[in-house]
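The lines below spell out each chain.
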Amino acid sequence: MNDTAIKRNRHNVVLTGIPRSGTTLACHLLNKLPNTVALLEPIEPDRFAGLLPDCEAVADAMGRWFRRSRRRALKKGVVVTRHVDGEIPDNPFEASKPGKEPRRWLASKGRIEVGKELDHDFFLVVKDPPMFTALLPVLARKFPTFAVVRNPLAVLASWNSVDIPARHGRVPKAELYDPELVRRVTAIEDRLGRQLALLDWWCGRFEQFLPEDHIIRYEDLVTSGGEVLSGIVPAAARLEEPLSGRNANELYDRNDVVEIGQRLLESDGAYWRYYTSESVEELLARFA
């Protein structure tokens, strides 16, 4: 980790995490803070693809993106982000869906108003779990980088309830930057097996490239009312939002959850670095 570069970019924050772990919720909460803007996947998926394997070129390009975004926010009072009706929601998917049809992604990309006064050194947080995790070895050396994790059973249950590539055990946005990930998931025939491999890949990257105090657990995010985000933006220490955990979401199919839980408990993966088998068993019992 380049401490000098991190200090220089102290207010340019990279946020990643496991998909459906609460990264959008984190952005929603951070946007409640003064002098802070948090953006939802504003960068085009292939933005840095042509620069690899030149890691410095990727880091420089990310720095230029931050500078342009900061100027736009300060001079024009607008930012480019994915949003729902001009706001960063706490959840970008449909609240419910009849039957077993996956819930649709509701956010669209465009300009929205900042809606608050900003100092020159405001915090600019940008989140993109697939791309930023693939680029983690590069980004974590240059920018303050944090990741959100969540009980692996809840993550897998959520993947199977929404319309995202991970539902099928693939993540093109990450695979674009990591050929080894492509080879790994392509070699696995069943969908749940690919999902477990993806979950292992995500958590393995976090374990390898991020310090423990840069890992935020969804469960802590909820129980603290957002206060745990103070590691990213100190002003979050004052957050006291009433939040309810959704690990046992009634929208998750019970039969799917039981099957997923059994396979998960029989598996090995880096996700056990952050959660115990007991925590999965306790959650599984809530669906019994």
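Relevant structure appears above.
Residue positions within a chain follow its written sequence, with the count starting from 1. Predicted model: local features are reported for residues with pLDDT of at least 70 only, side-chain atom pairs are reported and counted for 80 or more only, and whole-chain, interface and lining totals are derived from all residues. Only hydrogens and water are set aside when side-chain values are computed; all heavy atoms of the structure are taken into account.

Secondary structure elements follow DSSP: runs of H or I no shorter than four residues count as helices, runs of E no shorter than two count as strands, and numbering proceeds from the N terminus. When helices and strands are counted, the protein chain shows 12 helices and seven strands. Note on exposure labels: buried denotes an accessible area under 20% of the residue type's maximum, exposed denotes more than 50%, and partly exposed covers the range between, all computed with a 1.4 Å probe on protein chains only. Counting the 288 residues in the protein chain, one finds 55% classified as buried. Note on contacts: a residue pair qualifies if any of its non-hydrogen atoms lie within 4.5 Å across the two residues. In the protein chain, once contacts between residues fewer than 6 apart in sequence are set aside, the share between residues at least 24 apart is 79%. The positive count covers Lys and Arg only, the negative count covers Asp and Glu only, and His and the chain ends enter neither. Note on charges: their place is set at NZ of Lys, CZ of Arg, CG of Asp or CD of Glu. Each charge class in the protein chain was averaged separately, 41 positive and 41 negative side chains, and the resulting centres sit 7 Å apart.

Here, a salt bridge means any side-chain nitrogen of Lys or Arg that lies within 4 Å of a carboxyl oxygen of Asp or Glu. This model, assessed by the stated rule, comprises 17 salt bridges. Between Arg 183 and Glu 180 there is a salt bridge, and its shortest N-O distance comes to 3.0 Å. Residue Arg 183 and its partner Glu 180 are located together in helix H8 (residues 179-186), separated by three residues, close to a single helical turn. Judged by relative accessible area, which is 52%, Arg 183 ranks as exposed. Among the ionic pairs, Glu 212 bridges to Arg 273, the shortest N-O distance being 3.1 Å. Of this pair, Glu 212 sits in the loop between helix H9 (191-209) and strand S7 (215-217) while Arg 273 sits in the loop between helix H11 (254-265) and helix H12 (277-285), placing them 61 residues apart in sequence. The class for Arg 273 is partly exposed, based on a relative accessible area of 41%.

Here we come to the sheet that holds strand S1 (residues 12-17). Strand pairing is defined by DSSP finding a minimum of two bridges between the two strands. Read across the open sheet, the five strands follow the order S2-S5-S1-S6-S7; overall the sheet is parallel. Pairing within the sheet leaves two strands with one partner each, and these edge strands are strand S2 (36-40) and S7. This sheet shows a mean twist of 25 degrees between the axes of neighbouring strands, independent of strand direction. By the bridge criterion, five bridges tie S2 to strand S5 (residues 123-127) in an arrangement that is parallel. By the bridge assignment, Val 37 is partnered in S5 with Leu 124. Running at roughly 125 degrees to S5, helix H3 (residues 55-76) makes contact with S1, S2 and S5 of the sheet. With axes taken as lines fitted to C-alpha atoms, and helix axes fitted only over the stretch in contact, angles between N-to-C directions fall between 0 and 180 degrees.

Here we come to the packing of aromatic side chains. Only the six-membered ring of Trp is used, alongside the rings of Phe and Tyr, when aromatic pairs are assigned; centres must lie within 6.5 Å, and planes under 30 degrees apart are stacked while those over 60 apart are edge-to-face, with the rest tilted. Taken as a whole, this structure holds six aromatic pairs when the rule is applied. Seen in terms of ring centroids, Trp 201 and Trp 202 are 5.1 Å apart; in terms of plane orientation they differ by 75 degrees. Their pairing is edge-to-face. We note that Trp 201, like Trp 202, is buried. With centroids separated by 5.4 Å and ring planes inclined at 65 degrees, the aromatic side chains of Tyr 271 and Trp 272 adopt a geometry described as edge-to-face. The partly exposed category is assigned to Trp 272, whose relative accessible area is 23%. When the ring centre of Phe 122 is taken as reference, the NZ or CZ atom of Arg 70 above it lies at 4.2 Å. When the NZ atom of lysine or the CZ atom of arginine is within 6 Å of a ring's centre and also within 35 degrees of its normal, the charge is said to sit over that ring. Sitting over the face of the ring of Tyr 218, Arg 150 holds its NZ or CZ atom 4.7 Å from the ring centroid.

Within the secondary structure, Glu 175 is located in helix H7 (residues 172-175). Judged by relative accessible area, which is 12%, Glu 175 ranks as buried. If sequence neighbours within four positions are ignored, Glu 175 has contacts with Arg 170, Leu 181, Val 182 and Val 185.

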